[in-house]
Structure formats: C-alpha cells, structure tokens
Protein chains: 2
Amino acid sequence: MPPANPAVDTADVHALLERGRSLSTPVLRAAVGRLAAPMDTVAAYHFGWIDAEGRPADGDGGKAVRPALSLLSAEAAGATAETGVPAAVAVELVHNFSLLHDDLMDGDEQRRHRDTVWKVHGPAQAILVGDALFALANEVLLEIGTPEAGRATRRLTTATRKLIDGQAQDISYEHRERVTVEECLEMEGNKTGALLACAVSIGAVLGGADDRMADTLEAYGHHLGLAFQAVDDLLGIWGDPEATGKQTWSDLRQRKKSLPVVAALAAGGPASRRLGELLAADAKSNDFETFSEEEFATRAALIEEAGGREWTSQEARRQHAVAIEALDGVDMPEKVRAQLTALADFVVVRKR
Amino acid sequence: MPPANPAVDTADVHALLERGRSLSTPVLRAAVGRLAAPMDTVAAYHFGWIDAEGRPADGDGGKAVRPALSLLSAEAAGATAETGVPAAVAVELVHNFSLLHDDLMDGDEQRRHRDTVWKVHGPAQAILVGDALFALANEVLLEIGTPEAGRATRRLTTATRKLIDGQAQDISYEHRERVTVEECLEMEGNKTGALLACAVSIGAVLGGADDRMADTLEAYGHHLGLAFQAVDDLLGIWGDPEATGKQTWSDLRQRKKSLPVVAALAAGGPASRRLGELLAADAKSNDFETFSEEEFATRAALIEEAGGREWTSQEARRQHAVAIEALDGVDMPEKVRAQLTALADFVVVRKR
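The rules behind these values
Residues numbered from 1 in each chain as written. Chains lettered and ligands numbered in written order. Predicted model: local features only at pLDDT ≥ 70, side-chain atom pairs only at ≥ 80, totals over all residues. Heavy atoms only, no water. Helix = DSSP H or I, 4+ residues; strand = E, 2+ residues; numbered from the N terminus. Expected span 1.5 Å × (residues − 1). Bend = angle between axes of the 7 residues up to and from the residue. Buried < 20%, exposed > 50% of the residue type's maximum accessible area, 1.4 Å probe, protein only. Contact = heavy atoms within 4.5 Å. Least-squares fit on C-alpha atoms with pLDDT ≥ 70 in both. Salt bridge = Lys/Arg side-chain N within 4 Å of Asp/Glu carboxyl O. Buried area = accessible area lost by both parts, 1.4 Å probe. Polar contact = N/O pair within 3.5 Å; in protein donor to acceptor, adjacent residues only side chain to side chain. Nonpolar A, V, L, I, M, F, W, Y, C, P; charged D, E, K, R; others polar.

Draft legend 1. The arrangement of helix 2 (residues 13-32) of chain A in detail. Residues and elements named next belong to chain A. With 20 residues, helix 2 extends 28 Å between its outermost C-alpha atoms, agreeing within 8% with the 28 Å of an ideal straight helix rising 1.5 Å per residue. Taking the largest bend as the criterion, helix 2 deviates by roughly 35 degrees, centred on Ser24, and proline Pro26 comes between one and four positions later. Of the residues making up helix 2, those classed as buried are Val13, Leu16, Leu17, Gly20, Ser24, Leu28, Ala31 and Val32. Taken together, the buried residues of helix 2 touch helix 3 (39-47), helix 4 (65-76), helix 5 (85-106), helix 7 (123-142) and helix 17 (334-349).

Right, dumping it as structure tokens:
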C-alpha cells in the first residue's frame, strides 16, 4: 500500500461529510417513513424535512460528522462505504431519539432555529416519537440478520445506556453549585463521546471487523468526541453568532456548567474566585434573563482570565492527539487512516 | 410421550406464576441495579421494591403472566425453564418502560395504589428511567451473545414498535367521538397482544426454536393477549373493587373507549343510542368528576342492555379458543401444552 499523501487525500473533508449525508439520508427517510401516523409526520418535522404546517422544508441536517465516520469505519475494515450505511442510520436515529427527549426534559424551546417537537406537537408526541426512533434504530441493524448485526446492536445499546447516563448526570449537575472538571469530562464522555465512538466502530463491525479493531476505532471516536465537545463548549461562549447560529454567550445565558466554566472555577486565583461569587449570585438571581451583553461579557472575560478558555483549547488538542494516536493500533487502508485524521483535524478547527 | 392429564398437570396455575416470578425477579433486580444513580432508585420505586422515602417495600408485582409464559416458552422448545429467564426479564423491562412513559403521557397519577413515578420523581426521571429500562431490555438479551439472542432481540424490537403504535392509537382515539370495534381491537392487539406474544415466543427462540415454532407460539400469545384485554375491559367496568383494587366503574370514570363501550355503541337499538347521547354529553361535561355512583351505574346498565358486556365476554372466549387452537400447530412436550392451556384458561376466568 502506498503511503498516504495527506495534501491530496485529506483535503476534502466536506466531500466526506457530504458523502455520509447523501448515502444515509434516503435510508434514514425510508426508515422514518415506516412509523405509523402521526408519528411519521412528527419525526419528519423534527428532522427538518417538513415545517410545522406539514409543507416540505429544507432543514439544516447538522454537520453530519457521525454518518461520515460510520462509512469510513466500514472502509477501515476493508468493506464498502455502503456497508456502513445501516450503522450511520441507526446512530442518527439514537441521536435524534435523545434530542427529542432531552429537549423536553430540559424545557428547551428551540433547536436549529426552529421550535422543538414538544412545543409544536406536545410532550406526549415528543416522548412517543423518541421511543419509536430508538426502537427503529435497533430494527434497522437487526433486520440485516447477521451475527455482525447482533454485535453492532449490542455496541449501540451500550452506547445508548452511556448517553442516558450522561443525560442523568447533566440533569443532576444543574442542581449543584459546583461540578468538578472530572465530573464534567465524564458527563461529556457519556453524552457526546459514547455515540460518536459507536458511529466509528459499528460500521467496521458490519464490515466484518473483530472486537479488537472495533475497540480501537471506538477509542479514536471516544477521544474525538471529547475533543468535539471541548470545541463546542468554546463555541458556546466565544463562538461567532453568524457562524454558530446561536446567540452570543449562548452557554452562559443557559447557565451551563461547561468545561471552560468548571476549569476556570477549579483554577483558583482572584479571577476564579470573583467568577465563583458572580455565578453563585446568578444562580439565585430572578432577573438573570434580562442581563445585558456587558454582564455576560464580564463573566466570559473572567473565565478567560482564570484560564478556562486556554485549558479547554488545550484539552481539545490533547484529546485530538490521543484520538489520532489510537489509529496507530489498527491495520487499515492508508487512505482511510488519512481521512479519519482529516476528520479529526476538522473537528478541532471548525467554527460552527 | 404420555398424554397429558389436565386434572393433574394443569391444576396449579398459581405455581406456574410463582415460578415465573421467583426465577425472574432476582435477575430483573440485578439488571435494574446496573443503572446509575439516581435512576436505580427511581426504577426500584416504580417496581415497588422501595417506597417514596427509599425504605424497602413489598410491592405488588402484578399477576406475572408474562414471565410464566417466557419460561414455558423455553420448555416448549425442549430447553430448561431457566433458558427463558432473560426473555422474561427483557419483556418485563419493556413492559415497565412503556408504563413509565404511558403514565406520564396520559397524566395518570396512580398505578397499583401508589403515586406514579412522574408524580413522585418528576417528568424528567419518568422519561429517563423509561429510556434506560428499554435499553437495558436489549442489553439483557444481547449480552447472551448468541445468534438466537440476536433473533430474540429482533422480535422484541418488533413487539416494542407495535406497543408504541398501540399507545399512539390510544392517544389519538381519546380525541375522537367514535372508535370502531375494529380500531379498538387493533389498538388492544398492539398494546397488549404484541408483548404477550413476544413473551411466549422469545423464550423458545433462546431455547433453539426455529421461526415456524416461534411464530406459532406468537399467534397463541397474540390471541391470548386479546382475550386477556377483553377480560380486563370487563373487569374495568364490572370488576369487584375488592378483587381488582380499582374503583367501581373504573374505566367509565376515565372515559375509556374500551371494548364493551365501543361494542355497545356499534350495536344499534334504543339502549345503544341512549348510551351514545349520554357519552357525547359526558365528553363535554365539566362536572363529570363529581358524578354519583348511580350515574355510572346507569351507563354500565345501558352498555349491558345494548349487548356490550355479552359481546366482550364472547370475544374473550373466541380469542381464548383461537389461542388454544394455535398450539395444535406446534410439536412440544404434552405437559407444557397442558400448562399453556391452563394459563389461557386462567386468563379468561380471573377476577383480578
């Protein structure tokens, strides 16, 4: 096998993302189309394929990093990209099941610039359609009918349990004044790492990979997920609203105990202490909703001064490095290795 | 094989139910014990193992028909009863996932004489723990790691999708003035028949049964489930509160469009029309909550006069007969056949 030429092979991350989207979306839409009315319509609204009145829409399908990873995962095992499609679809179904339920549990009224399902169709439909997508995810894998499909479903189930553990931690942390950096990393590993790791391992399982190879790809995905979330946490405070589509200081407005915040609080020193006092007062404040831009800017500046921003940037780079290193442990076509590396690079440099 | 002697072999249905309970409960508790805090506690409360303050309790575990069926299912395939235990546990986990979510969707505040989980621990925990039980059900089967386990999980997934379809129908029927007998039977087949059918087929799958045998047992279970629900619908109106533990006229108080009601409305004639007028007025009534015993008794008498009670009794007997007949199509130890018949008999004569 010729050595990879990153300058040629890894250039087009967007083509990889687009391939993942274009191969998996028709299969995802067909799977969702199996749901009985009105669940099919509610799900189509959630995915952005129709608007609240049922008219066709051109929803923002998100970055589609996970589907791209599932296809590369199958190729890493020497199978075709198409072999990874059911893995991509199953993972997207689980991801969206969790979004439907999390939005309701968290009371979030907006997602991707649209009203969430429970706001438009009511809480019962959000619960029911979430349940249906979860069941459908297992169905899409198990109907393949091979032992590999059984192994892939088992890994998906394990990842889903971690996802649920992560949401449970997230909810419990909301009611606590202090969360340690370790707790935050554990929660993010469960909420973001587990499913991303699953996406990049079960494509390979469907492609005939043994457990050792799947575990190695899973390790890559887990650390990539942590890098991804660290970058998300940075964008949630300092992201450009034009690029992210979110408000300025978005995570601060939601009082999120994200990595930069918990790292800043753990750092000690005058800025850290001042930040702690402000956030403690904010937690009890009744007029938090009406805070000015300046007040959020003060908090963001204190987080930065205490080192929370720099620590989180370094954490993203650390996790990125560990992810790339994990790939050394597995035999795969050099082109695929280069593409997985390129996707990891994209995850840490992205602006949205 | 000697012919069965029903007078000897089928006498002790309660022993069969007790065996199902005693073999499956420790495994169920161990599975639930794997959930991260506080989900393990919330689930233990739901199952009745602890009270709202966390003190050990001796909950009413229900009739435990499904676990008994899963063990007999394994024996029907020539395997040990123990082989069916993961099937029994997985089915109970799915059943309880659906109870947690349904109680929240329907706004039901009481189950088995206790406050429901969403009342005690809040809606978010009801959603989250329901999700976790669903994931755990797949885990319990898939960790067996055999191709049979994969096939059993696929059947469980199909049954769960029907269960969700049934709940979607139930919700949509609530908002409609008229529901046909066929629609009611379809909904009950999904909500009750599918999981009972799954319980009595996947034990056999784990025990090495082929698809033909599993399908036949599933047909037995589907019709038994419809018989079970018809009896439940009768008990929901005319059951003895001492035996059922429910209020008098329980389903009428909840305005349930159960089989006796829809059959009476479909029957035509003076009592049917008078019932239709009363229920239409009830649907718009604001003081329905304060109705006297006599007013519910009037409605029950009209349902009976229009033939809804007799039709539902006959329906239970019809479904019972079809269930028993389905067993003819499958080769199994005569003792097991007699026990499955005895359980079917029990389902239609029970008073609670």
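Now that the structure is up, let's keep going.
Draft legend 2. Structural context of the relation of the copies chain A and chain B. When chain A is brought onto chain B, the operation consists of a screw motion whose angular component is 180 degrees and whose axial shift is 0.0 Å, with 0.0 Å RMSD remaining. Each copy turns onto its partner about a two-fold axis. The C-alpha atom lying nearest the rotation axis in chain A is that of Gly150 of chain A; the distance is 2.5 Å. Interface overlap between copies: 100% of the residues of chain A at the interface are likewise at the interface in chain B, consistent with a symmetric, same-surface contact.

Draft legend 3. The arrangement of the side chain of Asp251 of chain B in detail. Summarising the element assignment, Asp251 of chain B is placed in helix 12 (residues 250-253). Aside from chain neighbours lying at most four places away, what touches Asp251 of chain B is Asp232, Asp233, Gly236, Ile237, Lys256 and Ser258 of chain B.

Draft legend 4. Quick look at the pattern of salt bridges. Considering all chains together, one arrives at 52 salt bridges over all chains under this definition. The closest approach of N and O atoms between Arg161 of chain B and Glu139 of chain A, which form a salt bridge, is 2.8 Å. In this pair, Arg161 of chain B sits in helix 8 (residues 147-174) while Glu139 of chain A sits in helix 7, so the two residues belong to two different chains. A single burial state applies to Arg161 of chain B and to Glu139 of chain A, both of which are buried. For the salt bridge of Arg299 of chain A with Asp282 of chain A, the shortest nitrogen-to-oxygen distance reads 2.7 Å. Note that Arg299 of chain A is positioned in helix 15 (residues 293-305) and Asp282 of chain A in helix 14 (residues 270-284), a separation of 17 residues in sequence.

Draft legend 5. A look at the interface of chain A and chain B. Facing the 30 residues of chain A at the interface are 30 residues of chain B. Approximately 2800 Å² of surface area, both sides summed, lies buried where chain A meets chain B, with 72% of it carried by carbon and sulfur atoms. Counting every contact that joins chain A to chain B gives two salt bridges. Connecting chain A to chain B are four residue pairs in polar contact (both at pLDDT 80 or more). Considering every element that reaches the side of chain A that touches chain B, the biggest residue donor is helix 7 of chain A, with 11 residues. Residue composition of the side of chain A that touches chain B, grouped by class: 17 nonpolar, six polar and seven charged.

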